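Structural overview for review
For reference, the chains in residue letters:
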Protein chains: 2
Amino acid sequence: MHILVIGGAGMVGRKLIERLAREGRLGGKPITRLTAHDVVPPKPPQAPFPIDTRVSDLSVPGEAAAVVADKPDVIFHLAAIVSGEAEADFDKGYRINLDGTRHLFDAVRLMEGYTPRLVFTSSIAVFGAPFPDAIPDEFFATPLTSYGAQKAIGELLLADYTRRGFFDGIGIRLPTICVRPGLPNKAASGFFSGIIREPLAGQDAILPVSEEVMHWHASPRSAVGFLIHAATLDGEKVGPRRNLTMPGLAVTVGEQIEALRKVAGDKAVARIKRAPDPVIEKIVSGWPRKFEPRRATELGFVAESSFEEIIRIHIEDELGGKIAD
Amino acid sequence: MHILVIGGAGMVGRKLIERLAREGRLGGKPITRLTAHDVVPPKPPQAPFPIDTRVSDLSVPGEAAAVVADKPDVIFHLAAIVSGEAEADFDKGYRINLDGTRHLFDAVRLMEGYTPRLVFTSSIAVFGAPFPDAIPDEFFATPLTSYGAQKAIGELLLADYTRRGFFDGIGIRLPTICVRPGLPNKAASGFFSGIIREPLAGQDAILPVSEEVMHWHASPRSAVGFLIHAATLDGEKVGPRRNLTMPGLAVTVGEQIEALRKVAGDKAVARIKRAPDPVIEKIVSGWPRKFEPRRATELGFVAESSFEEIIRIHIEDELGGKIAD
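Since the structure is predicted, the reported quantities are computational estimates derived from the model, not experimental observations.

All names here are of chain B. Tallied over the entire structure, the rule returns 32 aromatic pairs over all chains. The interplanar angle of 35 degrees and the centroid separation of 6.3 Å between the aromatic rings of phenylalanine 127 and phenylalanine 139 together place this pair among those described as tilted. In this pair, phenylalanine 127 sits in the loop between strand E7 (117-123) and strand E8 (135-136) while phenylalanine 139 sits in the loop between E8 and helix H5 (146-163), placing the two residues 12 residues apart along the sequence. A centroid spacing of 5.7 Å and a plane angle of 75 degrees characterise the contact between tyrosine 161 and phenylalanine 166, whose relative ring orientation is edge-to-face.

The next thing to look at is the nonpolar core. Core analysis: the largest hydrophobic core is formed by 73 residues, its most contacted members being Ile75(A) and Ile75(B). Those residues in contact with Ile75(B) that lie beyond four places of it in its chain are Leu4(B), Ile6(B), Val68(B), Leu104(B), Val108(B), Tyr114(B), Pro116(B), Arg117(B), Leu118(B) and Val119(B).

In this section: the sheet that holds strand E14 (residues 249-252) of chain A. Residue and element names in this part refer to chain A. Taken in spatial order, the three strands make up an open sheet running E10-E12-E14, and their pairing is mixed. With partners counted over all chains shown, the strands left at the sheet margins are strand E10 (176-177) and E14, one partner each. Across the sheet, helix H9 (residues 253-269) touches strand E12 (214-218) and E14, and the angle it forms with E14 is around 90 degrees.

Quick look at the sheet that holds strand E1 (residues 2-6) of chain B now. Two modes of strand pairing occur in sheets, parallel and antiparallel, and in both the strands are linked by backbone hydrogen bonds. All names here are of chain B. Pairing is parallel across the open sheet formed by seven strands, whose spatial order is E5-E4-E1-E6-E7-E9-E13. Strands at the two margins of the open sheet, each flanked by one partner only, are strand E5 (51-55) and strand E13 (243-245). Averaged over all pairs of adjacent strands, the angle between strand axes in this sheet comes to 20 degrees, irrespective of strand direction. Bridge count between E1 and strand E6 (residues 74-77): four bridges; the pairing is parallel. Bridged to isoleucine 3 within E6 is valine 74. Of the strands in this sheet, E1, strand E4 (33-38), E5 and E6 are in contact with helix H1 (residues 11-23), which crosses E1 at around 160 degrees.

A few words on the pattern of salt bridges. Side-chain pairs of opposite charge can arise whenever the charged atoms involved come near each other. If you walk through the whole model with that rule in mind, you get 52 salt bridges over all chains. Arg109(A) is the salt-bridge partner of Asp91(B), the closest N and O atoms lying 2.9 Å from each other. Note that Asp91(B) is positioned in helix H4 (residues 90-109) and Arg109(A) in helix H4 (residues 90-109), a pairing that runs across two chains. Under the relative-accessibility criterion, Asp91(B) is labelled partly exposed at 44%. Classification of Arg109(A) as buried rests on a relative accessible area of 15%. Of the charged contacts, one joins Arg173(B) and Glu155(B) as a salt bridge, the two residues approaching to 2.7 Å between their closest N and O atoms. Of this pair, Arg173(B) sits in strand E9 (residues 168-174) while Glu155(B) sits in helix H5, placing them 18 residues apart in sequence. Its relative accessible area of 6% is what places Glu155(B) among the buried residues.

Reading guide: rules and limits
- Residues numbered from 1 in each chain as written.
- Chains lettered and ligands numbered in written order.
- Predicted model: local features only at pLDDT ≥ 70, side-chain atom pairs only at ≥ 80, totals over all residues.
- Heavy atoms only, no water.
- Phe/Tyr/Trp six-rings, centres within 6.5 Å; stacked < 30°, edge-to-face > 60°.
- Helix = DSSP H or I, 4+ residues; strand = E, 2+ residues; numbered from the N terminus.
- Core = buried A, V, L, I, M, F, W, Y, C linked by side-chain atoms within 4.5 Å.
- Buried < 20%, exposed > 50% of the residue type's maximum accessible area, 1.4 Å probe, protein only.
- Contact = heavy atoms within 4.5 Å.
- Pairing = 2+ DSSP bridges.
- Axes fitted to C-alpha atoms, helices over the stretch in contact; angles between N-to-C directions.
- Salt bridge = Lys/Arg side-chain N within 4 Å of Asp/Glu carboxyl O.

The structure is reproduced here in structure tokens:
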């Protein structure tokens, strides 16, 4: 089985490749080869199968056809310009997130006798406020960012190309990934991870919103689990509605902080510094807080059931089990 | 006020231009000029203002920029490859319905200091079965045709370009237009109009489905009314959710036939010949039957309240008030 990971240098892509390398199999079948594609060089781990890397821009005409020319059995399409950049650079966002995706889909479509499983990462950013208390599976997509619009368009293309038999697509709407490893960034959502990651590393973190703010989270480990499950799921069971809101955990910032206290104590919590920022508070107020992801749950997708679990996963996977004193 | 009608040679486009020509004004302002654009030559009516015609293909790069170069104040974008053709010719459907629309939107976006009202005709084909009994405004778009996917993508682009301030867009999802004038065609939906139009003209009509089939209708006159209202509506009142399901009338085929009996008598009804067609029955079973278009109704869009009214409008507007004996 040959697997192609587009966006293989990103955080989720790297973790996906690491897990595939560790397990050596996908859906019970041995992996014989993996291709990691990105616009920057992916750094693949040791694996029991060969890993090729390929660096190019899928939005350049012809490039997508080259990337899928040797017909990988499963394609993970994780590549995207993130929300903030897609908002700041309109052309780039549409070029990468819409045209790049469409080029990939068309490249697969135009190959004879080739209908791979194609897993596309969408986002809860396809939804825009106002929302019901918990967003049901049949709620409409009215994104309030260009990134959300581009992802929602990708979902429509994925479903139509699948319906036409050009490939076998599954779109998964990822929750906010928490705890996101790495350095603090300027994303408006950065604090959701920062208030956990920084204190655990012995650093101060800024909390720019009130403790009542609720949001929808899943760990990086769950995100990889969603991808693997989406790659191996029986397409017949999914039917024509190919885009699924992934399960997650709806917690308030206050609940995040209490979970941190239980796992790491008062000293860690004391490293969270309140600095209310009305701009961030306003951005966040337009984001989804909670979902009722019945279909994905019925189809076997699983996320964490407590925020303590999310914190422990971070400590295991990123900190080698150790918390800063 | 300069008005551009893209798709000006189509049935709804012609009727829109006829009404604008008759009234000489839009939203209280005198029309000084109208441009009718299509891929085939539009045949404009006599009007109290000059009407230019322009024939070209908006999906050809550069053409959209030429069409909007003189900055029309209001743009009606009605042009599309219809459902059956978009399904039969995948490339053509995406080229015209998606790329053509995006070229138009980008041409407007790239002009400095130009934010016209842009009215886009979407369709209830953005929805795909299964449905609740009446589809609410917040129901998700999961189209089951490429045409529906292309229209849903157009809606997302319209909302995002409007949010970014590139133009002031309103998308309207038209019901099935009934009674559609002209010759019978092979569209699966053709019988909804055929069973009224043909008997009124003294011709036999084929009914391929059961009388229990329910569908969502509005007259051509209402469709033009929606367009005019969408062109003159206060955008502030609409907010960021720019795509609206238009009001209509949910009637069964049996109710259509009873309305025909009241308006035109038993002799007309006797011209309807049952010829059950399982293929058409199956296609139609995937279509929306009924909506709860609260937002559009609150915003002042109005459709017919009885199917007799729809029939009488056809007799007035298409048959000069006369029914075949």
